[in-house]
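Survey of secondary and tertiary structure
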Number of protein chains: 2
Amino acid sequence: MRRDIFQAIADPTRRAILVLLAVQAMTPNAIAEHFDIRRQSISKHLRILSECDLLAPRQEGREIFYELKIDKMKEIDIWLDQFRKIMEESFKQLDEVLFTIKNKKK
Amino acid sequence: MRRDIFQAIADPTRRAILVLLAVQAMTPNAIAEHFDIRRQSISKHLRILSECDLLAPRQEGREIFYELKIDKMKEIDIWLDQFRKIMEESFKQLDEVLFTIKNKKK
DNA sequence: TATACGTGCAACCGATCGGCTGCGCAAATT
DNA sequence: AATTTGCGCAGCCGATCGGTTGCACGTATA
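First things first, this report covers the structure right here in the doc. Every value quoted in this text rests on a predicted model; they were computed, and no experiment measured them.

About the criteria used
Residues numbered from 1 in each chain as written. Chains lettered and ligands numbered in written order. Predicted model: local features only at pLDDT ≥ 70, side-chain atom pairs only at ≥ 80, totals over all residues. Heavy atoms only, no water. Helix = DSSP H or I, 4+ residues; strand = E, 2+ residues; numbered from the N terminus. Rg over C-alpha atoms; globule rule 2.2 N^0.38 Å. Buried < 20%, exposed > 50% of the residue type's maximum accessible area, 1.4 Å probe, protein only. Contact = heavy atoms within 4.5 Å. Areas by Shrake-Rupley, 256 points an atom, 1.4 Å probe, with all protein chains shown as cover. Lys, Arg positive; Asp, Glu negative; His and termini not counted. Charge placed at Lys NZ, Arg CZ, Asp CG, Glu CD. Near = heavy atom within 4 Å. Polar contact = N/O pair within 3.5 Å; in protein donor to acceptor, adjacent residues only side chain to side chain. Buried area = accessible area lost by both parts, 1.4 Å probe. Salt bridge = Lys/Arg side-chain N within 4 Å of Asp/Glu carboxyl O. Pairing = 2+ DSSP bridges. Nonpolar A, V, L, I, M, F, W, Y, C, P; charged D, E, K, R; others polar. Least-squares fit on C-alpha atoms with pLDDT ≥ 70 in both.

So, on to the overall build of chain A. The secondary structure content of chain A amounts to 5 helices and 2 strands. Here chain A has a C-alpha radius of gyration of 22 Å; the compact-globule value for 106 residues is 13 Å, and the former is much larger. In terms of its C-alpha atoms, chain A occupies a principal-axis envelope of roughly 80 × 25 × 25 Å. Burial statistics for chain A: of 106 residues in total, 38% are counted as buried. Sequence-distant contacts in chain A: of pairs separated by 6 or more residues, those separated by 24 or more amount to 48%. A total of about 7,000 Å² of accessible surface is found on chain A, and carbon and sulfur atoms cover 51% of it. Treating the 20 positive side-chain charges of chain A as one cloud and the 17 negative ones as another, the clouds have centres 4 Å apart.

Pasting the structure below:
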């Protein structure tokens, strides 16, 4: 059970579910109507997404509405930040190099 | 062979490789030194990352330096944009609701 | 109360994953 | 010319994935 957010969004069906639920909370049956997959398989996906805190279930009678926990998406953004920072750093170094070359020309 | 970028970054080792290569291009042997994994397994990861255009090999004699293609990372960002937009839209609708309530109070 | 509905869980199964070893090949070194 | 080095590829294997079916259980409806 790896169950981290990156493994969660690796599956195309799960990504599609996230997009669906971004618009509005839905029940497993309602979600399943959008795919060529049995409801039970959708349930499996919902479990995985819930386990890594991307979704939260809200019971209403015998129905369960799953809603997106958008905040969790930030984790992906945070990971991407590493690269933004590293690249920024690279540009700074490039600037220094260019600056040095510029000075040497004098 | 799914070989899309989300499946590529699902594996923790591959994510670590990407971070390593963000700092500087490296050879498979050099990368392997950072993990408890045989070089051949690293090569497999490099192949997957290259196939979905996250890395590019640069041959130098008998050595091959793999370098990060940072631009490809934007694809993840683009996917995240969907949610940013949907949430933004939600807030607008919330604003409208609040505005309506406000007006009704008059 | 009996029946239908909405759901989650368990067990199964073929495909894929992510390690491994054992090559072969080209470049560098001796 | 022989050896070492750096690498990718092929094949193996146990674990996991993502689908399936067949339940069991609580909630609504007749």
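Moving on to the protein's contact with DNA strand C. Taken together, 24 residues form the shell around DNA strand C, and within it A:Asn29, A:Ser43, A:Tyr66, B:Lys44 and B:His45 come nearest. With respect to DNA strand C, the side chain of B:Arg14 contributes an N or O atom lying 3.1 Å from a phosphate oxygen. Looking at the surface near DNA strand C, the elements that each hand over two or more residues are helix H3 (28–32), helix H4 (39–51) and strand E2 (63–68) of chain A together with helix H2 (12–23) and helix H4 (39–51) of chain B. If you tally residues by element for the surface near DNA strand C, the top one is H4(A), at 5 residues.

This brings us to the interface of chain A and chain B. At the junction of the two partners, chain A supplies 24 residues and chain B supplies 24 residues. A buried area of about 2,100 Å², summed over both sides, lies between chain A and chain B, and 76% of it is on carbon and sulfur atoms. If you sort the residues of chain A by the area they bury against chain B, A:Arg15, A:Trp79 and A:Phe83 come out on top, with a joint share of 24%. Linking chain A to chain B there are 4 salt bridges. For B:Asp77, the salt bridge is made with A:Arg84, and the minimal N-O distance between the two is 3.0 Å. Our enumeration of links across chain A and chain B arrives at 2 residue pairs in polar contact (both at pLDDT 80 or more). Elements that contribute at least two residues to the side of chain A that touches chain B include exactly helix H1 (5–8), helix H2 (12–23) and helix H5 (74–105) of chain A.

What follows covers the pairing of E2(A). All names here are of chain A. Relative to E2, strand E1 (residues 55–60) is paired through 6 bridges, and the arrangement is antiparallel. Bridge pairing in E2 links Arg 58 to Phe 65. In textbook terms, the turn of a hairpin is the stretch between consecutive antiparallel strands, and for E1 and E2 this stretch comprises 2 residues, one of which, Gly 61, has a positive phi near 65°.

Right, let's talk about the protein's contact with DNA strand D for a bit. Neighbouring DNA strand D are 24 residues; A:Ser41, A:Lys44, A:His45, B:Ser43 and B:Tyr66 lie closest to it. At the protein interface, 62% of the atoms of DNA strand D within 4 Å belong to sugar or phosphate. One of the side-chain nitrogen or oxygen atoms of A:Asp11 is found 3.4 Å away from a phosphate oxygen of DNA strand D. A:Gln40 is positioned with one of its side-chain polar atoms (N or O) 3.1 Å from a base oxygen of DNA strand D. Counting residues per element, the ones that place at least two in the surface near DNA strand D are H2 and H4 of chain A together with helix H3 (28–32), H4 and strand E2 (63–68) of chain B. The element best represented in the surface near DNA strand D is H4(B), accounting for 5 residues. Broken down by class, the residue content of the surface near DNA strand D amounts to 4 nonpolar, 10 polar and 10 charged.

We now examine the relation of the copies chain A and chain B. For these two chains of identical sequence, chain A goes onto chain B by a turn of 180° and a shift of 0.0 Å along the axis, with RMSD 0.0 Å. Expressed as a symmetry operation, the mapping of one chain copy onto the other fits a two-fold axis. Closest approach to the rotation axis among the C-alpha atoms of chain A is made by A:Ala10, whose C-alpha sits 2.9 Å away. A share of 100% of interface residues in chain A that are also interface residues in chain B marks the association as one of identical surfaces.

What follows concerns the pattern of salt bridges. Per the stated rule, a full pass over the model turns up 22 salt bridges over all chains. One salt bridge connects B:Asp53 with B:Lys69, and the closest N-O pair in it is separated by 3.4 Å. Of this pair, B:Asp53 sits in the loop between H4 and strand E1 (55–60) while B:Lys69 sits in the loop between E2 and helix H5 (74–105); the two residues are 16 residues apart in sequence, bridging distant segments of the chain. We classify B:Asp53 as partly exposed; its relative accessible area is 34%. A residue is classified by how much of its surface remains accessible, and B:Lys69, at 34% relative accessible area, is partly exposed. Because the salt bridges share partners, they merge into one network encompassing A:Asp77, A:Asp81, A:Arg84, B:Asp77, B:Asp81 and B:Arg84.

From the geometry alone we can't say anything about function, so treat these as descriptive.
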